[in-house]
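For reference, the chains in residue letters:
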Amino acid sequence: MKVVLPGGTGQVGTILDRALTAAGHEVTVLTRHPERERQIGWDGVTLGPWARAIDGCDVVINLAGRSVSCRYTPENLRAMMDSRVDSARVVGAAIATAVRPPRVWLQMSTATIYAHRFDSANDEAAGVLGGTETGVPDHWRHSVEIARNWERAQREAPTPATRKVALRSAMVMSPDRGGVFDVLLGLARLGLGGPVAGGAQYVSWIHDEDFVRAVEFLIDRDDLDGPVNLAAPGPLPHRDFMRTLRAAWGVPFGLPATRWMAELGAFALRSDTELLLKSRRVTPGRLREAGFRFAYPTWGPAASDLVQRAPGRLRLPRPVPYRPDPR
């Protein structure tokens with residue numbers, strides 16, 4: 001299978017590139033700064049010679065977009081919007097002009113599109129989209145608008161021969177350096193992994209193995225299109241999420257942080273507190289209805305596996321995840 005990964009040099013792209021290449025697929029990465037074999041340069045805005053890689057491929061998985069791990073200044077928010085919408089539009093244009101268009105286009109989106117809420121989970125059918133909540137920072141609504149426009153750019157692309165899926169992904173947990181799990185584990189190891197602002201806000205997540213398996217599942221399922229939540233079925237409050245992570249590493253305590261302390265920490269890390277404080281209670285309705293079975297549906301076994309794979313950790317036998325009987 002020929003797979004093209006626009007924006008495939010980030011954390012999620014690295015996970016997919018590694019897994020799909022290991023499975024024997026031919027993977028081409030589109031990047032602004034090609035440095036190795038199988039990487040092609042593009043600017044994420046205009047059509048160019050890179051479009052030839054899409055003509056004749058089987059699958060496009062567009063991951064392009066400025067990292068959300070930054071201060072949410074007007075300039076950065078604009079860059080986050082433009083990089084996502086422009087890349088989706090130009091990928092759509094490349095597919096529309098291809099002689100042999102791919103059969104499926106998976107477009108990265110985000111679980112942040114859903115409302116900040118504590119009462120009920122958000123699935124694709126009954127979930128509440130964000131943007132109208134009260135008592136949240138204005139830039140949280142801008143994040144939802146970015147997600148809406150991101151999905152709209154894919155939805156409106158004139159690609160009738162190509163099935164389109166929007167991946168409303170929760171945070172992908174992998175032990176790779178610089179990823180969200182690496183940051184959270186680093187806090188836990190320092191004794192700083194306690195609840196933030198009370199810890200009632202929900203954390204939605206997905207283990208990297210399940211993320212790859214879900215992508216492969218969606219590639220193969222010709223009957224699935226539109227938005228699909230990529231999140232483990234067990235979101236949990238931040239206080240429980242961090243307690244479980246600390247237990248997996250063997251840290252007996254974690255200092256709690258108030259909202260203003262989180263603001264100071266986010267400022268020091270040049271990030272934003274939305275990543276910590278927004279309650280993302282997202283569940284994978286369509287995946288489960290279609291028969292997808294998670295290897296890591298709950299956070300405890302997932303955290304244990306990720307900790308054992310983390311750099312610098314003494315390696316023990318890897319826990320055996322849940323494997324459904326295929327019969």
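Procedures and definitions
- Residues numbered from 1 in each chain as written.
- Predicted model: local features only at pLDDT ≥ 70, side-chain atom pairs only at ≥ 80, totals over all residues.
- Heavy atoms only, no water.
- Helix = DSSP H or I, 4+ residues; strand = E, 2+ residues; numbered from the N terminus.
- Expected span 1.5 Å × (residues − 1).
- Buried < 20%, exposed > 50% of the residue type's maximum accessible area, 1.4 Å probe, protein only.
- Lys, Arg positive; Asp, Glu negative; His and termini not counted.
- Salt bridge = Lys/Arg side-chain N within 4 Å of Asp/Glu carboxyl O.
- Polar contact = N/O pair within 3.5 Å; in protein donor to acceptor, adjacent residues only side chain to side chain.
- Phe/Tyr/Trp six-rings, centres within 6.5 Å; stacked < 30°, edge-to-face > 60°.
- Lys NZ or Arg CZ within 6 Å of the ring centre and 35° of its normal.
- Core = buried A, V, L, I, M, F, W, Y, C linked by side-chain atoms within 4.5 Å.
- Contact = heavy atoms within 4.5 Å.
- Pairing = 2+ DSSP bridges.
- Axes fitted to C-alpha atoms, helices over the stretch in contact; angles between N-to-C directions.
- Parallel < 35°, antiparallel > 145°, perpendicular 65-115°, else oblique.
- Left-handed = near helix turned anticlockwise from the far one by under 90°.
- Nonpolar A, V, L, I, M, F, W, Y, C, P; charged D, E, K, R; others polar.

Attention shifts here to helix H4 (residues 138-155). With 18 residues, H4 extends 26 Å from end C-alpha to end C-alpha; this agrees with the ideal 26 Å at 1.5 Å per step. Listing the buried residues of H4 in full gives Trp140, Ser143, Val144, Ile146, Ala147, Asn149, Trp150, Glu151, Ala153 and Gln154.

Mapped onto the elements of the fold, arginine 281 is located in the loop between helix H9 (274-277) and helix H10 (285-289). Despite its burial, arginine 281 pairs with no opposite charge; the closest candidate is aspartate 119, at 6.0 Å N-O. Within the local environment of arginine 281, its side chain forms a polar contact with the backbone oxygen of phenylalanine 118, the two atoms lying 2.8 Å apart.

A few words on the packing of aromatic side chains. Counting across every chain of the model gives six aromatic pairs. Summarising the aromatic geometry, the rings of phenylalanine 217 and phenylalanine 292 are spaced 5.4 Å apart at their centres and angled 70° between planes, so their arrangement reads as edge-to-face. Of the two residues, phenylalanine 217 is situated in helix H6 (residues 208-220) and phenylalanine 292 in the loop between H10 and helix H11 (299-309); the sequence distance between them amounts to 75 residues. Here the two residues phenylalanine 217 and phenylalanine 292 agree in accessibility, since each one is buried. Look at phenylalanine 292 and phenylalanine 294: their rings are 4.9 Å apart centre to centre, the planes differ by 90°, and that puts the pair in the edge-to-face class. Owing to a relative accessible area of 4%, phenylalanine 294 belongs among the buried residues under this scheme. An aromatic cluster is present here, built from Phe181, Trp205, Phe241 and Trp299 joined pairwise through their rings. Taking NZ or CZ as reference, arginine 84 lies 4.8 Å from the ring centre of tryptophan 150, over its face.

So, on to the pattern of salt bridges. Applying the stated rule across the entire model yields 14 salt bridges. A salt bridge links aspartate 182 to arginine 177; the shortest N-O distance between them is 3.9 Å. The class for aspartate 182 is partly exposed, based on a relative accessible area of 21%. When salt bridges with common partners are traced through the structure, they connect Asp17, Arg36 and Arg38 into a single cluster.

The subject of this paragraph is the nonpolar core. The biggest cluster of nonpolar side chains holds 42 residues, and the ones touching the most others in it are Leu16, Ile61 and Leu230. Here the element with the most residues in this core is H6; it accounts for seven residues. Leaving out residues up to four positions away in the same chain, isoleucine 61 has contacts with Val3, Val4, Leu5, Pro6, Leu16, Leu20, Leu106, Val215 and Ile219. One finds Met173, Leu184, Tyr296 and Ala303 within the second-largest nonpolar core, a separate group that totals 23 residues.

An order of E3-E2-E1-E4-E5-E6-E10 is seen for the seven strands of this open sheet, with the pairing classed as parallel. Because the sheet does not close on itself, it has two edges, and the strands there are strand E3 (39-41) and strand E10 (226-230). Neighbour-to-neighbour, the strand axes of this sheet turn through a mean angle of 20°, independent of strand direction. Note: strand E4 (residues 59-62) against strand E5 (residues 104-108), four bridges, orientation parallel.

The contact between helix H1 (residues 11-22) and H6 brings their axes to 10 Å, and the two run at 70°. With respect to each other, H1 and H6 are oriented roughly perpendicular. Crossing of H1 against H6: the hand is right-handed. Contacts between H1 and H6 pair Val12, Ile15, Leu16, Ala19 and Leu20 from the former with Asp208, Phe211, Val212, Val215 and Glu216 from the latter. Looking at the contact of H1 with H6 residue by residue, the class counts come to eight nonpolar, no polar and two charged.

Mapped onto the fold, glutamate 151 is located in helix H4. Given the relative accessible area of 6%, glutamate 151 is considered buried. Apart from the residues within four sequence positions on either side, glutamate 151 is in contact with Ser109, Ile113, Ala166, Arg168 and Pro227.

This brings us to the environment of proline 6. In this fold, proline 6 is placed in strand E1 (residues 2-6). Looking at proline 6, the relative accessible area reads 0%, which means it is buried. Sequence separation between proline 6 and leucine 63 is 57 residues; the distance between their C-alpha atoms is 5.9 Å.

For the pair helix H7 (residues 238-249) and H11, the least separation of the axes is 9 Å and the interaxial angle reads 45°. In terms of orientation, H7 and H11 fall into the oblique class. Seen from above, H7 lies across H11 with right-handed handedness. Counted together, Phe241, Thr244, Leu245, Ala248 and Trp249 of H7 and Trp299, Gly300, Ala303, Ser304 and Val307 of H11 form the full contact between these two elements. Looking at the contact of H7 with H11 residue by residue, the class counts come to seven nonpolar, three polar and no charged.

Let us now look at H11. For H11, the complete set of buried residues consists of Trp299, Ala302, Ala303, Asp305, Leu306, Val307 and Gln308. Residues of H11 that are buried in the fold lie against strand E7 (171-173), helix H5 (180-189), strand E9 (205-207), H6, strand E11 (236-237) and H7.

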